[in-house]
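# Commentary on secondary and tertiary structure
Here's the letter readout for the chains.
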Amino acid sequence: MTKVFAVMGYNNTRLADVKKLETYARELHGAELVLCKDGITATDRETVRHCLDNDLAATEENIDSIIAHLGSHALELVGVLPFSDHGVPAGALLASRLGLPGADPAAAACAADKHLYRAREARHDTLPGHHRTIRAREIHTADDAVAFWHEVAPRRIFLKPKGEGNSRGCTRVEDEAHIGSAFAGLSPYLAGGVMAEECVDGAREYSVDHVAGFSWLTEKTTTTGAYRAEIEQVVPAPLAPPTAGAVRRSGYAAAEICGYAGSAFHNEVFLLAGDRGTAVVEPNLRPAGMRIWDLAALAFDFDPWTAWLDHSRSGTALPAPPRQRGYAGIRMLRPRADGFLASLPQVADVHERFPGLHEVVFTKAVGDPVSTRVENNADFVGHVICAAPTHQETRALLLACTRAIEESTEVTA
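In this report, the structure presented in the accompanying data block is examined. (Residues numbered from 1 in each chain as written. Predicted model: local features only at pLDDT ≥ 70, side-chain atom pairs only at ≥ 80, totals over all residues. Heavy atoms only, no water.)

### Points about the overall build of the chain
Along the backbone of the chain there are 12 helices and 19 strands. The C-alpha radius of gyration computed for the chain amounts to 21 Å, which stays within 12% of the reference 22 Å derived for 413 residues, consistent with globular compactness. Dimensions of the chain, computed from the C-alpha atoms along their principal axes, are close to 55 × 55 × 45 Å. Put simply, the chain has 413 residues, and 53% of those count as buried. Long-range contacts, defined here as pairs at least 24 residues apart, represent 69% of the contacts in the chain between residues at least 6 apart. A total accessible area of about 17200 Å² is found for the chain, and carbon and sulfur atoms account for 50% of it. (Helix = DSSP H or I, 4+ residues; strand = E, 2+ residues; numbered from the N terminus. Rg over C-alpha atoms; globule rule 2.2 N^0.38 Å. Buried < 20%, exposed > 50% of the residue type's maximum accessible area, 1.4 Å probe, protein only. Contact = heavy atoms within 4.5 Å. Areas by Shrake-Rupley, 256 points an atom, 1.4 Å probe, with all protein chains shown as cover.)

### Let's talk about the nonpolar core
Burial of nonpolar side chains together is a common tendency in soluble globular proteins. Counting 44 residues, the largest nonpolar core has W216 and W308 as its most contacted members. No other element matches helix 9 (residues 292-299), which puts 5 residues into this core. Counting 25 residues, the second largest nonpolar core, distinct from the first, contains A103, A111, F265 and L285. (Core = buried A, V, L, I, M, F, W, Y, C linked by side-chain atoms within 4.5 Å.)

### Quick word on the side chain of H266
Within the fold, H266 resides in strand 12 (residues 265-271). Engagement of the side chain of H266 in a polar contact is seen with the side chain of E268, the distance being 3.2 Å. Each residue touching H266, except ones within four places of it in the same chain, is listed here: S207, V208, D209, K220, E282, P283, N284, R286, P287, A288 and I292. (Polar contact = N/O pair within 3.5 Å; in protein donor to acceptor, adjacent residues only side chain to side chain.)

### Focus: unusual backbone geometry
Of the consecutive residues A153 and P154, the connecting peptide bond is found in the cis state with omega at 10 degrees. Mapping P154 onto the fold places it in the loop between helix 6 (142-152) and strand 6 (157-161). A positive phi is found at A212, a non-glycine position, where the angle reads about 50 degrees. Position of A212 among the secondary structure elements: in the loop between strand 9 (204-211) and strand 10 (214-222). According to the relative accessible area criterion, A212 is buried, its value standing at 1%. The phi dihedral of M290 is positive, around 50 degrees, even though this residue is not glycine. Looking at the secondary structure, you find M290 in the loop between strand 13 (278-282) and helix 9.

Have a look at this one:
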């Protein structure tokens, strides 16, 4: 029998993370990966030896088919790794069936359905005293969105898909007259459900990221305007202990609502204006995106990926809190004009200019269309990752690197 960890879903932009997991599984556990995903691609098969095309619905029949596939291919499952929002409920059910560490299957659906989470959060009776719930409603028509607009007035509203990540489809509506066009922009997501939430203005955003008994706070910066995409993250967030404690407690409360049982979560939290309380943006019972785990590996003396594998196999928590080394951050690269990418600077030249720069990645190629209107994280040109001894130095380095690269990037009409 070949020992395997089941990766439950993944976004193709995270292929490098899957390769990392594959290496660690082999080197540290003598195991391989089996990728369970809806719509296996040729790239998936080139990356992972064992692939199972599965729609990831959290049903007993689906879990039966996964277990049957494992048995027929002589694969012994030793850990379950929910790696996408859609993979969380099925991963919880699969782990439960086989007696492996995992979230409570009865509650895990909240981490994949943002509206279900809001409904259960509103009924939860053990929230921290500083934790504020956000009003929300599932909507099916533009008229539903208009009705919600009037319900929460004078606050503005935020429209988003119930089950998507990466800021896809998220739109802030500033004027009632714009609701119709904003709702029309959600048409690709209607089959999976869409929702409206009241906007939280003047708040700062953080995430509570956790794996195997250790949590850290990430400082998040988003773009402004109708579309909100995450443009910068810094680990750890520079918050005073009382404020950090309030943010952390809200993150853990969200995890508990979703059936968390000690493994990975990435819960996004608003710190309200004037530090007058907290509110959960959304919960996720899976690893953070946007390289936050890699930032944590630079900022602390531990690797979240190996800790996740260990915990998914045995439920083992880290023996002691990791020591902080410094700060690490990622900042996205934006085009300076609309048009087509004509040239990009040489990565080696950028590294030579900026000590502390760890990584430059371009996700757009010469000839690709680009726009200054960033609607989600996929619209950026790429990113830089930097590390420095202090938060201030890290942010300054991120800004200097991105400014230099953006000024050296040519766009033609």
